[in-house]
Amino acid sequence: MGGWKKLLCTHNQLRIDLTLACGQSFRWKETRPGEWRSVLAGNVFTLSQTDSHLLYKVHTPVSVAEEVAQQEAADTHKRAFGDSTDSIPRKKSKRQKKIFTDSLVATDCNPENDCDKHEEDDSSFGSILQDYFQLDIDVEQLYQQWSQADSNFKNVSPKFVGIRMLRQDPVENLFSFICSSNNNISRISGMVERMCTCYGRKLLDLDGVSYYAFPAIDTLAQDGVVEQLRALGFGYRAKFISETARWILKNRSTEWLVSLRTVPYEEAKAELRKLMGVGAKVADCVCLMSLDKTGAIPVDTHVWQIAARDYMPHLQKVKSVNDKVYREIGDFFRSLFGEYAGWAHSVLFSADLKKFEEKKSK
């Protein structure tokens, strides 16, 4: 897939510079001003955006690229000669279910030169992004609701529009956040990349950079993983990663994590907390960022400080976040913001990050 494609999506609905850099996912890198790149669904995506559209390129591993090219050839033949495609073997890809809505039509375009001609994209790359960014959820309307409910949100949010929760792969989400214990975004990103390079399947080289898939659970459960990850700078987290992978294979299955999307929030969180290295905060991160639990509120020191400063002044006397305080903060935000409280909390969290400080003055 050589050229840029686009999805109709305004800045008020999505800001990739905020959403991809606020600590939800750790593999997106800004490769040049306004362009972001990462591995997603077995391919390498490059993203950019205009005021009205999300722009994307997809760089596919050779085997996938051949399959897509074959499908495009079959479609061209069908348009020219009708339904008979006997002369071109047609291999139907699982990727090619069309789930675009009328407002999310993918079209060819150029990031510098917007296009007027709309041609529907028969591949599912656009639908992968639609699912990943959860573009069926009207976040602009949610901002309005949250602003009506909370004057602080109303004051903070105008310079932080378009922040939305990603719908990540639960395996990548879980093991990435196991790395987050007593850590910062930059160091977590480095750990995740080293883990992918060491244990993930190589996909392709692009602009001098090698891209790897996230490791499979059974790979992280192999002998020697603890020692190797410790050598890569993971410290005590190395054992958490190895033991969690082994526990899942022994007691559940590789499909277990994604199956938690179908159970209630409290049940999913309790299941996750059975894993080594997964406390309340990491469990809530996974619930919110990959398991569709929109009311999950991950409470770390940063969120505690926001709550004490702007909402719950009595917490200023609390010296640490124990289970009672953790639950109190989560319940407060759920009561204030409603069903999508986890999304609203992420806006407040992002607006308070030092890395976004300059955006407040613009």
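Residues numbered from 1 in each chain as written. Predicted model: local features only at pLDDT ≥ 70, side-chain atom pairs only at ≥ 80, totals over all residues. Heavy atoms only, no water.

Let us now look at the pattern of salt bridges. Enumeration over the complete set of coordinates arrives at 16 salt bridges. For R167, the salt bridge identified is with D131, shortest N-O distance 3.0 Å. You can see R167 sitting in the loop between helix 5 (151-156) and helix 6 (170-178) and its partner D131 sitting in helix 3 (residues 125-132), a full 36 residues away along the chain. The closest approach of N and O atoms between D331 and R327, which form a salt bridge, is 3.3 Å. Of this pair, D331 and R327 are both found in helix 15 (residues 323-337), four residues apart, which corresponds to roughly one turn of the helix. On the basis of relative accessible area, D331 is assigned to the partly exposed category, the value being 33%. Owing to a relative accessible area of 38%, R327 belongs among the partly exposed residues under this scheme. (Salt bridge = Lys/Arg side-chain N within 4 Å of Asp/Glu carboxyl O. Helix = DSSP H or I, 4+ residues; strand = E, 2+ residues; numbered from the N terminus. Buried < 20%, exposed > 50% of the residue type's maximum accessible area, 1.4 Å probe, protein only.)

Each regular strand carries side chains that alternate between the two faces of the sheet. Here strand 7 (residues 202-206) pairs with strand 8 (residues 209-212) via four bridges, running antiparallel. Directly across from K202, in strand 8, lies its bridge partner Y212. (Pairing = 2+ DSSP bridges.)

Quick look at the pairing of strand 4 (residues 43-49) now. For strand 4, the tally of buried residues reaches seven of seven residues, placing the bulk of the element in the interior. Burial of the side chains of strand 4 extends over both faces: N43, F45, L47 and Q49 are buried on one face and V44, T46 and S48 on the other. Relative to strand 4, strand 3 (residues 35-40) runs antiparallel, the two sharing five bridges. Pairing of V39 across the sheet is with V44, part of strand 4. Connecting strand 3 to the antiparallel partner strand 4 that follows it, the hairpin turn spans two residues, and A41 within it adopts a positive phi of roughly 55°. The hairpin formed by strand 4 and strand 5 (residues 53-59) contains three residues between the paired strands.

Looking now at the packing of aromatic side chains. Taken as a whole and assessed by the stated rule, the structure comprises 16 aromatic pairs. Here the aromatic rings of Y143 and W146 are separated by 5.7 Å at their centres, their planes lie at 45°, and the arrangement is tilted. With Y143 and W146 both in helix 4 (residues 139-149), this residue pair falls three residues apart, about one helical turn. Using a relative accessible area of 7% as the deciding quantity, one classes Y143 as buried. These aromatic residues form a ring-pair network of at least three members: Y143, W146, F153, Y311, F332, F333 and F337. In this structure, R237 packs its charged tip against the face of Y236, placed 4.7 Å from the ring centre. (Phe/Tyr/Trp six-rings, centres within 6.5 Å; stacked < 30°, edge-to-face > 60°. Lys NZ or Arg CZ within 6 Å of the ring centre and 35° of its normal.)

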